[in-house]
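Inside the fold
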Amino acid sequence: MEIGRPRRRVDKMFVNMTVDQWDDVMRVHLRGTFAPSQHAASYWRQQSKAGTPVAHPRIINTSSPSGLYGNLGQTNYGAAKAGIAAFTVILADELARLGVTVNAIAPTALTQMTAGLDGFVAAAEAEKERTGFDAAAPGNISPTVVWLGSPEADGVTGRIFNVHGGSISVAETWVAGPGVSKNERWDPAELGEIIPALVAQARPNSTMAGNPRS
């Protein structure tokens, strides 16, 4: 990579993805989230056992709308970011006894990484021209992170927050939707009517904005 040139995200359709491209993304995002969290959790547990617990310990991870809602060309990145969201929820439960809160943000902003996404850049510029507010500025993400790291956030844990411009919302986890049950094993021949009917009743998958697809 040329020195001084901004790094841009390079998306890759799954059928063209190599094992190295998969592993590299998992290593950076999933292992990169695990390693510092494990070190911090071990330290906080040590301090708690010694009778000197750390005040307001915090872990704030970074997920992504790609991981929560899905995005073409990002099976590796989206899977890693979805893993971070699940990691956040589970770790919040595990570390609750130590008083640690674990949350994550799923930010949307115009950075060096997204500068190559022409559609996103054009939409961001059009919104700025229309409203006078640069909703795509990365600085809009930091207030949520600052608050989550503050003593005021003691009661908030295991949550993932969508953050973009002046908008903040809670990303709700997977829930069990429409279902049927019986006290015996299903025959595959029965499911031709059952499963399509359940899908028809279920909430559609989401767009990248977190809204149901039409």
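Look up: the structure comes first, before these words.
Only a predicted model underlies this, so the values are computations on that prediction, with no experimental measurement involved. (Residues numbered from 1 in each chain as written. Predicted model: local features only at pLDDT ≥ 70, side-chain atom pairs only at ≥ 80, totals over all residues. Heavy atoms only, no water.)

**Let's talk about the overall build of the protein**
The test is simple: Secondary structure elements follow DSSP: runs of H or I of four or more residues count as helices, runs of E of two or more count as strands, with numbering from the N terminus. In what follows, residue pairs with any heavy atoms lying within 4.5 Å of each other are defined as contacts. Each accessible area value is a Shrake-Rupley result obtained with a 1.4 Å probe; residue values ignore everything except the protein chains displayed when judging cover. Only four residue types enter the tally: Lys and Arg on the positive side, Asp and Glu on the negative side, with His and both chain ends excluded. Working definition for charges: the position is that of NZ of Lys, CZ of Arg, CG of Asp or CD of Glu.
For the protein, the helix and strand inventory stands at six helices and four strands. Listed N to C, the secondary structure of the protein is α-β-α-α-β-α-α-β-β-α in terms of helices and strands. For the protein, the proportion of contacts with a sequence separation of at least 24, taken over those separated by at least 6, is 67%. For the protein, the computed accessible surface area is about 14000 Å², with 56% contributed by carbon and sulfur atoms. Charged side chains in the protein number 19 positive and 19 negative. The centres of these two groups are separated by 6 Å.

**Things to note about the pattern of salt bridges**
Defined as follows: Think of a salt bridge as a Lys or Arg side-chain nitrogen and an Asp or Glu carboxyl oxygen that are within 4 Å of each other. Residue burial is assigned from relative accessible area. The probe radius is 1.4 Å, only protein chains are included, and a residue is buried under 20% of its type maximum, exposed over 50%, and partly exposed in between.
In total, this model carries three salt bridges according to the counting rule given. Here Asp-24 and Arg-27 are joined by a salt bridge, their closest N and O atoms 3.0 Å apart. Linking Asp-24 with Arg-27, this pair stays in helix α1 (residues 19-49), spanning three residues, or about one helical turn. Residue classification places Arg-27 among the partly exposed positions, given a relative accessible area of 46%. Asp-154 is the partner of Arg-58 in a salt bridge, and the nearest nitrogen-oxygen pair spans 2.7 Å.

**A closer look at the nonpolar core**
Where we set the bar: As used here, the term nonpolar core means buried Ala, Val, Leu, Ile, Met, Phe, Trp, Tyr and Cys residues forming a set that is joined through side-chain atoms within 4.5 Å.
Core analysis: the largest hydrophobic core is formed by 10 residues, namely Ala-40, Ala-41, Trp-44, Ile-59, Leu-91, Ala-92, Leu-95, Leu-98, Val-100 and Val-102. Put simply, the parts of the chain that give this core at least two residues each are α1 and α3 (75-95). With residues near it in sequence (within four places) discarded, Ala-92 still touches Val-102, Thr-157 and Gly-158.

**Here's the deal with the sheet that holds strand β3 (residues 160-164)**
Basically, it comes down to this: Two strands are counted as paired when DSSP detects at least two bridges linking them. Interaxial angles span 0 to 180 degrees and are taken between N-to-C directions of axes, which are lines fitted to C-alpha atoms, for helices over the stretch in contact.
Here four strands make up an open sheet; going across it, the order is β1-β2-β3-β4 and the pairing mixed. The sheet is open, and its two edges are formed by β1 (58-62) and β4 (167-171), each paired on a single side. In this sheet, neighbouring strand axes are inclined to one another by 25° on average, regardless of whether the strands run parallel or antiparallel. As judged from the five bridges shared by β1 and strand β2 (residues 101-107), these two strands associate in the parallel manner. Bridging from a neighbouring strand, Thr-62 pairs with Ile-105 of β2.

**Section: the pairing of β2**
In terms of residue burial, β2 counts as a mostly covered element, since six of its seven residues are buried. Sheet analysis places β2 next to β3, joined by four bridges and oriented parallel. Bridge assignment links Ala-104 to a residue of β3, and that residue is Ile-160.

**Quick notes on the side chain of Asn-162**
Rule in force here: For the purposes of these results, a polar contact is taken to be a pair of N or O atoms within 3.5 Å, where, inside protein, one atom must be able to donate a hydrogen and its partner to accept one; residues adjacent in sequence count only when each atom of the pair is a side-chain atom.
Looking at the element boundaries, Asn-162 is found in strand β3. The exposure class of Asn-162 is buried, given its relative accessible area of 14%. Looking at Asn-162, its side chain comes within polar contact range of the side chain of Tyr-69, at 2.9 Å. Here Asn-162 is in contact with Leu-68, Tyr-69, Ala-106, Ser-167, Ile-168, Ser-169, Val-170 and Ala-171, once residues within four sequence places are set aside.

**Considerations on the packing of aromatic side chains**
Filter applied, for reference: Side-chain rings of Phe, Tyr and Trp, where Trp is taken by its six-membered ring, are said to pair if the distance between their centres is within 6.5 Å; with planes under 30 degrees apart they count as stacked, over 60 as edge-to-face, and otherwise as tilted. A ring has a charge above it when a Lys NZ or an Arg CZ is no more than 6 Å from the ring centre and no more than 35 degrees off the ring normal.
Counted under the stated rule, the structure contains zero aromatic pairs. It is Lys-182 that lies over the ring of Trp-186; its NZ or CZ is 4.4 Å from the centre.

**Re a nonpolar patch on the surface**
Heads up, the condition is: Without a salt bridge and with relative accessible area above 30%, a residue can belong to a patch; like charges are then joined within 9 Å and nonpolar side chains (Val, Leu, Ile, Met, Phe, Trp, Tyr) within 5 Å.
Among the surface-exposed residues, Met-13, Phe-14, Val-15 and Leu-72 lie close enough to one another that they form a single nonpolar patch of about 510 Å² accessible area. Looking at the element boundaries, Val-15 is found in the segment before α1. When its relative accessible area of 74% is taken as the criterion, Val-15 is described as exposed.

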